[in-house]
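Structural features, examined
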Amino acid sequence: MREAAADATVGDDVYAEDPTVNELEAVAAEIVGFDDAVYVPTGTMGNQIAARVHTDRGQEVILDREAHIYRWELAGLAQLSEVQPRTVDAADGVPTPEEIRAAYVAESLHRPGTGLVALENTHNARGGVAVPPDAISAAAAAAHGLGVPVHLDGARLFNACVALDVDPARMVRDVDSALFCLSKGLGAPVGSILAGDAEFVAAARRVRKLFGGGMRQAGLIAAPALLALENVDRLATDHDNADRLAAGLDAVAGLRAPTPDTNIVQVHTGDLAVDAATFVDACEAVDVRGGAHGPSLTRFCTHLDVDSADVDAAIDRVERAVASL
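Residues numbered from 1 in each chain as written. Predicted model: local features only at pLDDT ≥ 70, side-chain atom pairs only at ≥ 80, totals over all residues. Heavy atoms only, no water.

1. Some thoughts on the pattern of salt bridges
Under the definition given, this model contains 15 salt bridges. A salt bridge links R71 to E66, with the shortest nitrogen-to-oxygen separation between them at 2.5 Å. The buried category is assigned to E66, whose relative accessible area is 15%. In this structure, the salt-bridge partner of R234 is D238, at a minimum N-O distance of 2.5 Å. Given the relative accessible area of 22%, R234 is considered partly exposed. Since its relative accessible area comes to 0%, D238 is described here as buried. Several salt bridges converge on common partners, so that one network encompasses D64, R65, E66, R71, D89 and R126. (Salt bridge = Lys/Arg side-chain N within 4 Å of Asp/Glu carboxyl O. Buried < 20%, exposed > 50% of the residue type's maximum accessible area, 1.4 Å probe, protein only.)

Here's what the structure looks like:
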């Protein structure tokens, strides 16, 4: 990837003159079956661009209460698009049609109206849950029946597709826009793709500029991003390693680690009588990195720089960390 960056042919992407970025956007759009796509620096920016394009100021966005757009994007819906979230508890990772219809608000003199339904796949905070395409389609059909567009935060879209053996274009077939990250499991150093129809992407390019995402010689980062798209099939290895990690940690006294769908392992530490932050600190002391995602919930991720030997070493080290608490 470093060699690809060094050798990349570049131009000015703000004027659509960077051939490497143009190639990346065309290839990415074809993979997910959309008319067009725009390269953005981060998944968060892509999600917030989609919200801005799809909604009018003051409207509501229906989404899961654990959604990344809601929990981890600095209230961007409110700050950047001036819309308010209406959350539902989507236990399976995606709101059901009934939940969407119940949360929908019709525009009136007193009510702002629902402007967007936002879905997520895989679902980060719910443990990397791979949401089946039929569930995505059912949610989208309910939203469209109410005249509401649908955005899919597919930061780890390909993890879901590999886990469920589903073509990416089928997974996003019924939504109006979709985001996926080229970093994370695919291994690019930076960047995400926001895809949709031609009209949506044209508007998204303007909002990208507004949000500070107009990039110049971005072929330097688009070239390794193109290579990242060749790493989709190897995501299955990450999933196998996550299974191995979860099984090993679940066997440690005081820890619970359910079998994951994809590459995110959630570890519950309630039985240790310590909070997640304390557990994370103990793990970092033995050179195992994780993140506290709740009072007694810690997240670990596997990726292309982690092999089975690393997983075994991590299990041994976490066991030592637990013994030190």
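2. Quick word on the environment of D35
Here D35 is to be found in the loop between α2 (19-32) and β1 (36-40). Given the relative accessible area of 62%, D35 is considered exposed. As for D35 and A309, which are separated by 274 residues in sequence, their C-alpha atoms are 42 Å apart. (Helix = DSSP H or I, 4+ residues; strand = E, 2+ residues; numbered from the N terminus.)

3. Some details on the pairing of strand β4 (residues 114-120)
In terms of burial, β4 is largely enclosed, as seven of its seven residues are buried. In this sheet, β4 lies alongside strand β2 (residues 60-64) in parallel orientation, the contact comprising three bridges. Its bridge partner lying in β4, I62 is registered against V117. Bridging between β4 and strand β5 (residues 150-153) involves four bridges; their strand directions are parallel. (Pairing = 2+ DSSP bridges.)

4. Observations concerning the side chain of N121
Checked against the element boundaries, N121 lands in the loop between β4 and α7 (133-145). Classification of N121 by relative accessible area gives buried; the value is 0%. In terms of polar contacts, N121 uses its side chain to reach the backbone amide nitrogen of V131, at 2.7 Å. Filtering out sequence-adjacent residues up to four positions away, N121 remains in contact with V129, A130, V131, I136, L152, D153, G154, A155, R156, L157, A160 and M171. (Polar contact = N/O pair within 3.5 Å; in protein donor to acceptor, adjacent residues only side chain to side chain. Contact = heavy atoms within 4.5 Å.)

5. Quick word on the environment of P258
By secondary structure assignment, the location of P258 is in the loop between α12 (235-250) and β8 (264-268). In this structure P258 comes out as partly exposed when scored by relative accessible area, which is 44%. Remark: the alpha-carbon pair of P258 and G127, spanning 131 residues in sequence, is separated by 9.0 Å. The residues touching P258, leaving out its near neighbours within four places in the chain, are A246, Q266 and H268.

6. A word on helix α10 (residues 198-210)
The terminal C-alpha atoms of α10 lie 19 Å apart, and with 13 residues this matches the ideal 18 Å at 1.5 Å per residue to within 8%. All of the buried residues along α10 are F200, V201, A204, V207 and R208. Angular distribution of buried residues about the axis of α10 spans 120 degrees; they occupy a single face of the element. Residues of α10 that are exposed and point over 90 degrees away from its buried face: E199, R206 and L210. Where α10 is buried, its residues meet α2, β1, α3 (43-54), β6 (177-181) and β7 (192-196). (Expected span 1.5 Å × (residues − 1). Arc of directions from axis to C-beta.)

7. Structural notes on the packing of aromatic side chains
For any pair of aromatic rings, the description consists of the separation of the ring centres together with the inter-plane angle of the planes. Within the structure shown, the criterion is met by two aromatic pairs. Arranged with centres 4.9 Å apart and planes meeting at 75 degrees, the rings of F158 and F180 form a pair that is edge-to-face. Placement of the pair is F158 in helix α8 (residues 157-164) and F180 in strand β6, with a sequence separation of 22 residues. A single burial state applies to F158 and to F180, both of which are buried. Between the aromatic rings of F279 and F300, the centroid separation amounts to 6.3 Å while the plane-to-plane angle is 85 degrees, which identifies the pairing as edge-to-face. With a gap of 21 residues between them, F279 in helix α13 (residues 276-285) and F300 in strand β10 (residues 297-301) connect regions that are remote in the sequence. Comparing F279 with F300 shows no difference in burial state: the two are buried. (Phe/Tyr/Trp six-rings, centres within 6.5 Å; stacked < 30°, edge-to-face > 60°.)

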